[in-house]
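What follows is the residue order along each chain.
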Amino acid sequence: MQDGQLSREMKKKYRGGVLFTALLLVYLSSFLFLLVLEEFKLAQQFSQKTKDYYISKTMVSMFLSEVKQKNTPLEPKGSQEFSTGQLTYSYARKKLTIIVKINHTTYTFDEVYQPKVSKDKSRHQ
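**Topic: the sheet that holds strand β3 (residues 95-102)**
Thinking step 1. Within the open sheet, the 4 strands sit side by side as β1-β2-β3-β4. Their pairing is antiparallel. The strands lining the two open edges of the sheet, one partner per strand, are β1 (77-81) and β4 (105-112). Geometrically, the sheet is characterised by an average inter-axis angle of 20 degrees between neighbouring strands, direction not taken into account.
Thinking step 2. Inspection of the sheet shows β3 paired to β4 by 8 bridges, in the antiparallel sense. Residue pairing in the sheet places isoleucine 98 in a bridge with phenylalanine 109 of β4.

**Overview of the confidence of the model for the protein**
Thinking step 1. Model confidence for the protein is summarised by a mean pLDDT of 85, while 79% of its residues fall at 70 or above.
Thinking step 2. Contacts from residues 121-125, a stretch scored under 50 in pLDDT, to residues over four places away or in other chains number 1 contact.

**Quick word on a nonpolar patch on the surface**
Thinking step 1. Together, Phe20, Leu24, Tyr27, Leu28, Phe31, Leu32 and Leu35 line one region of the surface with nonpolar side chains, adding up to about 780 Å² of accessible area.
Thinking step 2. Take leucine 35: it is sitting in helix α2 (residues 19-69).
Thinking step 3. Judged by its relative accessible area of 47%, leucine 35 falls in the partly exposed class.

**Overview of the environment of alanine 92**
Thinking step 1. Its location among the elements puts alanine 92 in strand β2 (residues 86-92).
Thinking step 2. On the basis of relative accessible area, alanine 92 is assigned to the partly exposed category, the value being 48%.
Thinking step 3. Placed 21 residues apart in sequence, alanine 92 and tyrosine 113 show a C-alpha to C-alpha distance of 9.3 Å.

**With respect to α2**
Thinking step 1. Between the first and last C-alpha of α2 there are 75 Å, a value that for 51 residues agrees with the 75 Å anticipated at 1.5 Å per step.
Thinking step 2. Taken together, the buried positions of α2 are occupied by Asp52, Ser56, Met59, Val60, Phe63, Leu64 and Val67.
Thinking step 3. Along its buried surface, α2 packs onto β1, β2, β3 and β4.

**So, the packing of aromatic side chains**
Thinking step 1. Going through the model one piece at a time under the given rule, you end up with 5 aromatic pairs.
Thinking step 2. For the pair tyrosine 53 and tyrosine 54, a centre-to-centre distance of 5.3 Å together with 75 degrees between the ring planes defines the contact as edge-to-face.
Thinking step 3. Residue class for tyrosine 53 comes out partly exposed when judged on its relative accessible area of 33%.
Thinking step 4. A relative accessible area of 53% means that tyrosine 54 is categorised as exposed.
Thinking step 5. Here the aromatic rings of tyrosine 53 and phenylalanine 109 are separated by 6.3 Å at their centres, their planes lie at 45 degrees, and the arrangement is tilted. Here tyrosine 53, found in helix α2, pairs with phenylalanine 109, found in strand β4; they are 56 residues apart in sequence, far enough to count as distant.
Thinking step 6. The class for phenylalanine 109 is buried, based on a relative accessible area of 9%.

Scoring rules and cut-offs
Residues numbered from 1 in each chain as written. Predicted model: local features only at pLDDT ≥ 70, side-chain atom pairs only at ≥ 80, totals over all residues. Heavy atoms only, no water. Pairing = 2+ DSSP bridges. Helix = DSSP H or I, 4+ residues; strand = E, 2+ residues; numbered from the N terminus. Axes fitted to C-alpha atoms, helices over the stretch in contact; angles between N-to-C directions. pLDDT = per-residue confidence, 0-100. Contact = heavy atoms within 4.5 Å. Patch = residues over 30% accessible without salt bridge, like charges linked within 9 Å, V, L, I, M, F, W, Y side chains within 5 Å. Areas by Shrake-Rupley, 256 points an atom, 1.4 Å probe, with all protein chains shown as cover. Salt bridge = Lys/Arg side-chain N within 4 Å of Asp/Glu carboxyl O. Buried < 20%, exposed > 50% of the residue type's maximum accessible area, 1.4 Å probe, protein only. Expected span 1.5 Å × (residues − 1). Phe/Tyr/Trp six-rings, centres within 6.5 Å; stacked < 30°, edge-to-face > 60°.

Following this line, the structure appears as structure tokens:
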């Protein structure tokens, strides 16, 4: 009878519950979910910023290619609209500063630019 009596006394004294365990499980799973969500968000932001950077570099390359193909001198300031953003430039003393705006982000590029001397001008000098 002592075993049965001891068992009943233990049941009366021990009043455990699963509340603490359940709360701990919810807390840990929420914490892990937030970590995964934050990692995903950072990866998305990195991908978007990388994409925007390379789009802006492509815009600058297209602009420089177009400028080099023209025979007219470059204006001191100007802008050009692309489907993905806006490119503005300023030119002074062989330095071409290009500012590209894409998705509320601004990229600045500095290039050394020397206009082509046309063959007709070089003959007259």
